[in-house]
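Here are the chains, one letter per residue:
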Amino acid sequence: MINIPILKKNFREHIWLWGIVTAVLVLYLFLLLGTYAPDGKAGVILLFSGLPSAVQTALGAGNYGLSLSGILGGYFWENIFTLVPFVVSIPVAASFVAGKLESGAFAWILSAPVEREKLLFTQIYSFTFALFALFFVNCLVGIVCGLALCGSYFVISEFLLMCLGGFCLHFCLGGLLFVISAMCDEKALAVMITTGIVLLFYILKMLASLGGIFGYLKYVTIFSMYLADDVIDGGMFFIWKYPVLILAGVLLYWLSMRIFEKRDLPLSLIHISEPTRL
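Residues numbered from 1 in each chain as written. Predicted model: local features only at pLDDT ≥ 70, side-chain atom pairs only at ≥ 80, totals over all residues. Heavy atoms only, no water.

**Q** Just checking my understanding: could you explain the pattern of salt bridges for this structure?
**A** When their charged atoms lie close together, side chains carrying opposite charge are able to pair. One pass over the full model with this rule turns up five salt bridges. In this structure, the salt-bridge partner of Glu13 is Lys100, at a minimum N-O distance of 3.5 Å. With Glu13 in helix α1 (residues 4-34) and Lys100 in helix α6 (residues 86-103), this residue pair connects regions lying 87 residues apart in the sequence. Residue Glu261 pairs with Arg258 through a salt bridge whose shortest N-O separation is 2.9 Å. One end of the pair is Glu261 and the other is Arg258, both in helix α11 (residues 238-262) and three residues apart, which spans about a single turn. (Salt bridge = Lys/Arg side-chain N within 4 Å of Asp/Glu carboxyl O. Helix = DSSP H or I, 4+ residues; strand = E, 2+ residues; numbered from the N terminus.)

Now the structure itself:
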């Protein structure tokens, strides 16, 4: 089901972007753990202290108390850890399907006896492997730094669960990115649509955090499936949320494969690929 040459080519093309984004997340996490103080008056936290209280609440900053898990929940998991990986996932998912169709890069592949299903499965495998590696590296660095720098304040179980939840969230949204990419003929269009959807979901989540008349918006944004209080201080909602995210992601990836199999190819590819009965 996996085409090894395509897999290797994907890694070569996107390793630098993946490395930069991973390094940014690792650096921010290191600074947050390294400057943590139980009174909440140290390091990265001070960057948010000058913001209006409503903005801090919308961002999730300070919503979960001054414990280390609470600080990580408000200042890392629900904002930086949620948004920064999209710097990789949105352009990569768009380039893996729509970008390849636009440039004609699929022409030489589809002219050989390569099924569309195998082709897109390889792209999905490349994407999910890179996504898992990103979260795995951050999880590993976080555990090492947390134990070394924060000692007893660091709760490994909560950190592991939030890292797992972050992967589940991006795995699910990655499926949505692939569905849209499989429907588009141009990379720029796929990037524009997926960026708009992600921003809309996150804005709705920020508004829902304000409560009041905005509280009901939490039911229409997928980011409500990844909240720090689902895990910290004995929270148990992750038990059903994380499996739902994985199941939804699998269904969306499957849907993207079906769309790609059934759709008409751009004219630039039809002439080359038509002799091969796909």
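**Q** So what exactly am I meant to see when it comes to the environment of Tyr219 here?
**A** With respect to the helices and strands, the residue Tyr219 is situated in the loop between α10 (187-209) and α11. Sequence separation between Tyr219 and Leu204 is 15 residues; the distance between their C-alpha atoms is 9.4 Å.

**Q** Help me out: how do you make sense of a nonpolar patch on the surface in this one?
**A** Where nonpolar side chains cluster on the molecular surface, the patch consists of Leu27, Phe30, Leu31 and Leu149 and spans about 370 Å² of accessible area. Per-element tally for the nonpolar patch: the top contributor is α1, with three residues. Note that Leu27 resides in helix α1. (Patch = residues over 30% accessible without salt bridge, like charges linked within 9 Å, V, L, I, M, F, W, Y side chains within 5 Å. Areas by Shrake-Rupley, 256 points an atom, 1.4 Å probe, with all protein chains shown as cover.)

**Q** Explain the packing of helix α4 (residues 68-77) against helix α9 (residues 156-183) here, please?
**A** Packed helices, taken two at a time, are described by the angle their axes make and the gap between the axes. Relative orientation of the contacting elements α4 and α9 amounts to 20°, with a least axis distance of 11 Å. Taken together, α4 and α9 sit at an angle that is classed as roughly parallel. Helix-helix and strand crossings are classified by hand; for α4 and α9 the assignment is right-handed. Across the interface between the two elements, Ser69, Leu72 and Trp77 from α4 touch Glu158, Phe159 and Met162 from α9. (Axes fitted to C-alpha atoms, helices over the stretch in contact; angles between N-to-C directions. Parallel < 35°, antiparallel > 145°, perpendicular 65-115°, else oblique. Left-handed = near helix turned anticlockwise from the far one by under 90°. Contact = heavy atoms within 4.5 Å.)

**Q** I keep staring at the nonpolar core and nothing clicks. Help me out?
**A** Soluble globular proteins tend to pack their nonpolar side chains together in the buried interior. Counting 66 residues, the largest nonpolar core has Leu72, Phe76, Trp77, Phe127, Phe159 and Phe178 as its most contacted members. When residues of this core are traced back to their parent elements, those giving at least two are α1, α4, α6, α8 (116-150), α9, α10 and α11. Not counting the four nearest positions on each side in its chain, Phe178 is found in contact with Ala93, Phe96, Val97, Leu120, Gln123, Ile124, Phe127, Tyr253 and Ser256. (Core = buried A, V, L, I, M, F, W, Y, C linked by side-chain atoms within 4.5 Å. Buried < 20%, exposed > 50% of the residue type's maximum accessible area, 1.4 Å probe, protein only.)

**Q** I keep staring at the side chain of Thr194 and nothing clicks. Help me out?
**A** Structurally, Thr194 can be placed in helix α10. What makes Thr194 buried here is its relative accessible area of 4%. Here Ala190 takes part through its backbone oxygen, which lies 2.7 Å from a polar atom of the side chain of Thr194. Leave out the neighbours within four places in its chain, and Thr194 touches Ile90, Leu177 and Ile180. (Polar contact = N/O pair within 3.5 Å; in protein donor to acceptor, adjacent residues only side chain to side chain.)

**Q** I tried to follow α9 on my own but got confused; where do I start?
**A** Owing to its 3.6 residues per turn, the α-helix brings residues three or four apart onto one side. With 28 residues, α9 should cover 40 Å at 1.5 Å per step; its first-to-last C-alpha distance of 41 Å lies within 8% of that length. The element α9 is largely enclosed, with a buried count of 21 among its 28 residues. (Expected span 1.5 Å × (residues − 1).)

**Q** Please clarify how the packing of α1 against α4 should be interpreted in this entry.
**A** Between α1 and α4, the least distance of the axes is 11 Å, while the angle of their chain directions is 140°. By the criterion of interaxial angle, the relationship of α1 to α4 is oblique. The element α1 and its partner α4 pack so that their crossing is right-handed. On α4, the residues that touch Leu25, Tyr28, Leu29, Leu32 and Leu33 of α1 are Leu68, Ile71, Leu72, Tyr75 and Phe76. Tallied by class, residues from the contact of α1 with α4 come to ten nonpolar, no polar and no charged. (Nonpolar A, V, L, I, M, F, W, Y, C, P; charged D, E, K, R; others polar.)

**Q** Before we go on, may I ask you to explain the side chain of Asn138 in this structure?
**A** With respect to the element layout, Asn138 can be found in helix α8. Assessed through its relative accessible area of 0%, Asn138 is described here as buried. Leave out the neighbours within four places in its chain, and Asn138 touches Thr22, Leu25, Val26, Leu29, Phe76, Phe81 and Phe159.

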